[in-house]
There are 2 protein chains.
Amino acid sequence: MSSPATSQLQDEIRQRVPFSSIEQEALLGILHTADVIRRRTAKVLEPFGITPQQYNVLRILRGAGCAGLPTLDIAERMIEQAPGITRMIDRLEAKKLVSRERGCDDRRQVVCRISDAGQELLNRADEPLRVQSASGVGNATESDLAALVKVLDSIRAAS
Amino acid sequence: MSSPATSQLQDEIRQRVPFSSIEQEALLGILHTADVIRRRTAKVLEPFGITPQQYNVLRILRGAGCAGLPTLDIAERMIEQAPGITRMIDRLEAKKLVSRERGCDDRRQVVCRISDAGQELLNRADEPLRVQSASGVGNATESDLAALVKVLDSIRAAS
DNA sequence: AAACAATAGTTGACCAGTTAGCTGTTGTCA
DNA sequence: TGACAACAGCTAACTGGTCAACTATTGTTT
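Residues numbered from 1 in each chain as written. Chains lettered and ligands numbered in written order. Predicted model: local features only at pLDDT ≥ 70, side-chain atom pairs only at ≥ 80, totals over all residues.

A. The arrangement of the protein's contact with DNA strand D in detail. Thr51 and Pro83 of chain A together with Pro70, Leu72 and Thr86 of chain B are the nearest of the 22 residues found near DNA strand D. For the surface near DNA strand D, the elements supplying multiple residues, two or more each, are α3 (52–64) and α5 (82–94) of chain A together with α4 (71–77) and α5 (82–94) of chain B. With four residues, the single largest contributor to the surface near DNA strand D is α5 of chain A. Taken together, the residues of the surface near DNA strand D sort by class into seven nonpolar, eight polar and seven charged. (Near = placed C-beta within 6 Å. Helix = DSSP H or I, 4+ residues; strand = E, 2+ residues; numbered from the N terminus. Nonpolar A, V, L, I, M, F, W, Y, C, P; charged D, E, K, R; others polar.)

B. The arrangement of the interface of chain A and chain B in detail. Between chain A and chain B, the residue contacts involve 51 residues of the former and 55 residues of the latter. Mapped by element, the contributors of at least two residues to the side of chain A that touches chain B are α1 (4–15), α2 (22–45), α3, α6 (116–135) and α7 (142–157) of chain A. If you tally residues by element for the side of chain A that touches chain B, the top one is α2 of chain A, at 16 residues. Residue composition of the side of chain A that touches chain B, grouped by class: 25 nonpolar, 15 polar and 11 charged. (Contact = placed C-beta atoms within 7 Å.)

C. Region of interest: helix α3 (residues 52–64) of chain B. Residues and elements named next belong to chain B. With 13 residues, α3 ought to run about 18 Å at 1.5 Å a step, and its terminal C-alpha atoms sit 19 Å apart, in line with that. What α3 keeps buried is the set Gln54, Tyr55, Val57, Leu58, Ile60, Leu61 and Ala64. Following α3 by one or two positions, Gly65 has its phi on the positive side, about 70 degrees. (Expected span 1.5 Å × (residues − 1). Buried ≥ 20, exposed ≤ 12 C-beta atoms within 10 Å, placed from the backbone.)

D. The arrangement of the relation of the copies chain A and chain B in detail. Structural alignment of chain A on chain B gives an RMSD of 0.1 Å, achieved by rotating through 180 degrees and translating 0.1 Å along the axis. What the rotation and shift describe, once combined, is the action of a two-fold rotation axis. In this assembly, 90% of the residues forming the interface of chain A have copies in chain B that are likewise at the interface, indicating an isologous arrangement. (Least-squares fit on C-alpha atoms with pLDDT ≥ 70 in both.)

E. Fine view of α2 of chain A. Helix length check: α2 of chain A (24 residues) gives 34 Å between terminal C-alpha atoms against 34 Å at 1.5 Å per residue, within 8%. Considering only its buried residues, α2 of chain A is in contact with α3 and α6 of chain A together with α2 (22–45), α6 (116–135) and α7 (142–157) of chain B.

F. Structural detail: the environment of Gln119 of chain B. All names here are of chain B. You can see Gln119 is positioned in helix α6. Considering only alpha carbons, one finds Gln119 and Leu45, 74 residues apart in sequence, at a separation of 15 Å. Once residues within four sequence positions are removed from consideration, Gln119 is found in contact with Arg62 and Ile114.

In structure tokens, the structure reads:
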């Protein structure tokens, strides 16, 4: 227990509106909400033994089909940098969910492909994720969400 | 080299992975936008030699004043777990921006305080951050942002 | 052909989030 | 008083994002 003086001060801080503007409130709200969404998604995927980022990679590779996709093409489709992709695919390969092989036409490339096990895992995970995202928007209406998406686009397009 | 404009990235994702619902589009939009905001904030803080999370800790400690704050109380005010806080304060202490001492009334606690150097750094960083967040919401109006905040609250409150 | 730049990917090092498990301290209760 | 649960904080180990530097291959230029 802290001294009474500091606990009162702490309560003031806890209750004090930490936003100096509606802009800051909106931006911090986005960060906070993104954390909540990430945690929920991780929880849904946990029984499958993969993380949200690993799920994203698998989904991208499923979209690429049996032709596979070079490593950096995967990074392009995510918000991520190349080094992170390399190591994420290291882990997916260790779990036998993807395979890699040096490209034959351009020997600099490393073509990644989803494995049968990866396909199957993905198919099992799709439905729980869809259900979760459907219930995860609270009581927001469709037009609420459409407006949300529009404002988010505007924020991403800003300087 | 393709331009890294965020709206293009969104377009790309939209093409490869069609959204199965407006709900998923909204949730993914929040995640993408949060990443963009995080990156922008990191860039503003980079000249000051601290990360956004470290800035958050310093701001919390500034709010606590000279009384300081126990380690876990800081974690409570962030979205974070205790171990992360411990190491973050390790780094802030190494930079001489905060100080720590074992509590004298409850010897389990470790009270953290912002240093003068930390105060000064914070004061210098406040204005650039405020400017950035003001310009970082694009052309969204105040009522747009108010609606955004409301929908975000609803999403966080959802299951 | 030799030199050069560009490209694809990897590695190392750092910061950060998460979980599990640990030490030391405090309060409680038999 | 001694046993014990609860608490504050820490370490270890894993996943992950970021930057810088590196190797190997390819294309270009002279």
